[in-house]
Amino acid sequence: MTDLRTAGPADREALHALWAACFDAPHVVPLYETDPGRYGRTFVTGDVSACVYYLPRRVHDGLGGEVLVGGVANVAAHPSVRGRGYVRSLLAMAAAAMAADGCAWSLLFTGTPGVYKEWTTFELQTVSGPLRRPAAAGRALRPVPAADAAVLRDVYERHNARRPLTAVRDEAHWRDRVPVWYAEPVELLAGDAGYAAVRWDGGVLDILEVAGDLPRVLSALAVEAAARGIGSGRARLTWHEPALPYLFASITRESDRTGMVRAVLGDPAAVVEAMDAAHWPADYF
């Protein structure tokens, strides 16, 4: 087997080339570059033909506390070396480093769960359905440029302080990472009651994140959708969210099954299996 090692600044261009060969995801490099400790947590084959990276992140445990997790990202193997077990070995190196860093568990989101044999899939509740038709009303939401997303920080923190699995966003997260995830075609819409990050995806209102007084925010989104001629939607909200009727005429219960966890120094079950758990897209790794 080829040598396995920790990456360094000299590997920068090789890493970028590997990700370009493996992903159609322009956000990968900008997000990676925001992490000042990235190279020490990037594990590669000697020739940088495969890599695994992880980012320590604090998330709420739902009890008013926080837990440190290791977010796995940028996992890649060049097509010419796939099937040789490199990614599995690099994931083991990353897990050992997470333990040394004090991470309670590891978290990742993926469309290829079969790669991660030591991780377990979990589900987050989502909903979809036809939107209600609001009575005529003024539009109460205004666009917020993604670069100015930090103006929403207070609302976010109040809304998510006790919500399991939501990230504890520091200043750098708001400044550097949220604007990458919520750049166009995502829109940030805010009003006096709160805000939402949405996409108008093929004639469907797709709510990626929402915070604040949800009855008022969802009512305002219903008005906004009607003004745009949008009649259906989906949202990262739980099946039993009381505010759903302010936006939806009826709902279909669905779920996001892309999340996976692995215990490192603690048990993630109580957090990831909580009924009101949420992990917003701006907090992906």
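Keep in mind it's a predicted model, so treat the numbers as computed, not measured.

A.B. asks: Which residues make up the state of the cysteines, and what values go with them?
C.D. replies: For the coordinates displayed, the defined rule picks out 0 disulfides. In this structure cysteine 51 is not part of a disulfide, and its nearest cysteine sulfur, from cysteine 22, lies 7.9 Å away. Free of any disulfide, cysteine 103 has its nearest cysteine sulfur in cysteine 51, 18 Å distant. Residue classification places cysteine 103 among the buried residues on the basis of a relative accessible area of 0%.

A.B. asks: Give me the nonpolar core: which residues, what numbers.
C.D. replies: Counting residues in each nonpolar core, the largest one holds 51 residues, and the members touching the most others are Leu15, Trp105, Leu107, Leu165, Tyr182 and Tyr195. Excluding its chain neighbours within four sequence positions, the residues that come into contact with tyrosine 195 are Leu152, Val155, Tyr156, Arg169, Trp174, Leu188, Leu189, Ala190, Glu209, Val210, Ala211 and Val217.

A.B. asks: Run through the layout of surface pockets, naming residues and quoting values.
C.D. replies: What the largest pocket holds in volume is close to 1,200 Å³. Surrounding the largest pocket, 44 residues form its lining, Phe23, Asn74, Val75, Phe109 and Thr110 being those nearest its centre. For the lining of the largest pocket, the elements supplying multiple residues, two or more each, are α2 (28–33), β4 (66–77), α3 (86–101), β5 (105–109) and α5 (171–181). The biggest single contributor to the lining of the largest pocket is β4, with 6 residues. A breakdown of the residues in the lining of the largest pocket according to their chemical character gives 29 nonpolar, 8 polar and 7 charged. Surrounding the second largest pocket, 17 residues form its lining, Leu55, Pro56, Arg57, Asp170 and His173 being those nearest its centre. Of all the elements in the fold, those that place two or more residues in the lining of the second largest pocket are β3 (50–60) and α5. Sort the elements by how many residues they give to the lining of the second largest pocket and α5 lands first, with 5 residues. By residue class, the composition of the lining of the second largest pocket is 6 nonpolar, 2 polar and 9 charged.

A.B. asks: I'd like to hear about empty space enclosed by the protein, residue by residue, with values.
C.D. replies: This model, assessed by the stated rule, comprises 1 cavity of 30 Å³ or more. There is about 140 Å³ of room inside the largest cavity. Forming the walls of the largest cavity are 15 residues, and the residues nearest its centre are Arg236, Leu237, Ala277, Ala278 and Trp280. Residue contributions to the lining of the largest cavity peak at 3 residues, all from strand β6 (residues 120–130). Grouping the amino acids of the lining of the largest cavity by side-chain chemistry returns 6 nonpolar, 5 polar and 4 charged.

A.B. asks: Quick one: what's the story with the packing of aromatic side chains, residue by residue and with numbers?
C.D. replies: A full pass over the atoms with the stated rule returns 9 aromatic pairs. Ring geometry for tryptophan 19 versus tyrosine 32: centroids 4.8 Å apart, planes at 75°, classification edge-to-face. One end of the pair, tryptophan 19, is in helix α1 (residues 12–22); the other, tyrosine 32, is in helix α2, with 13 residues separating them in the sequence. Neither tryptophan 19 nor tyrosine 32 differs from the other in exposure class; each is buried. Considering the side-chain rings of phenylalanine 109 and phenylalanine 122, the 6.2 Å spacing of their centres and the 75° angle between planes classify their relative orientation as edge-to-face.

A.B. asks: Could you give an account of the pairing of strand β10 (residues 204–212), with specific residues and numbers?
C.D. replies: For β10, a buried count of 8 out of 9 residues is recorded, marking the element as mostly surrounded by other parts of the structure. Pairing of strand β9 (residues 194–201) with β10 involves 8 bridges; the strand directions are antiparallel. Bridge pairing in β10 places alanine 197 opposite glutamate 209. Remark: 2 residues form the turn of the hairpin made by β9 and β10, two consecutive strands paired antiparallel; glycine 202 in that turn has positive phi of roughly 60°. Both β10 and strand β11 (residues 232–235) contribute to a ladder of 4 bridges, which runs parallel. Bridge pairing in β11 places valine 204 opposite serine 232. A crossover links β10 with its parallel partner β11, the connecting element being helix α6 (residues 214–227), and its sense is right-handed.

The rules behind each value
- Residues numbered from 1 in each chain as written.
- Predicted model: local features only at pLDDT ≥ 70, side-chain atom pairs only at ≥ 80, totals over all residues.
- Heavy atoms only, no water.
- Disulfide = S-S within 2.5 Å.
- Buried < 20%, exposed > 50% of the residue type's maximum accessible area, 1.4 Å probe, protein only.
- Core = buried A, V, L, I, M, F, W, Y, C linked by side-chain atoms within 4.5 Å.
- Contact = heavy atoms within 4.5 Å.
- 1 Å grid on protein atoms, 1.4 Å probe; cavity = no way out; pocket = protein on both sides within 12 Å on 5 of 7 lines; lining within 4 Å.
- Points joined across faces, edges and corners; volume = space filled by probe spheres on them.
- Helix = DSSP H or I, 4+ residues; strand = E, 2+ residues; numbered from the N terminus.
- Nonpolar A, V, L, I, M, F, W, Y, C, P; charged D, E, K, R; others polar.
- Phe/Tyr/Trp six-rings, centres within 6.5 Å; stacked < 30°, edge-to-face > 60°.
- Pairing = 2+ DSSP bridges.
- Right-handed = clockwise from strand over helix to strand, strands pointing away.

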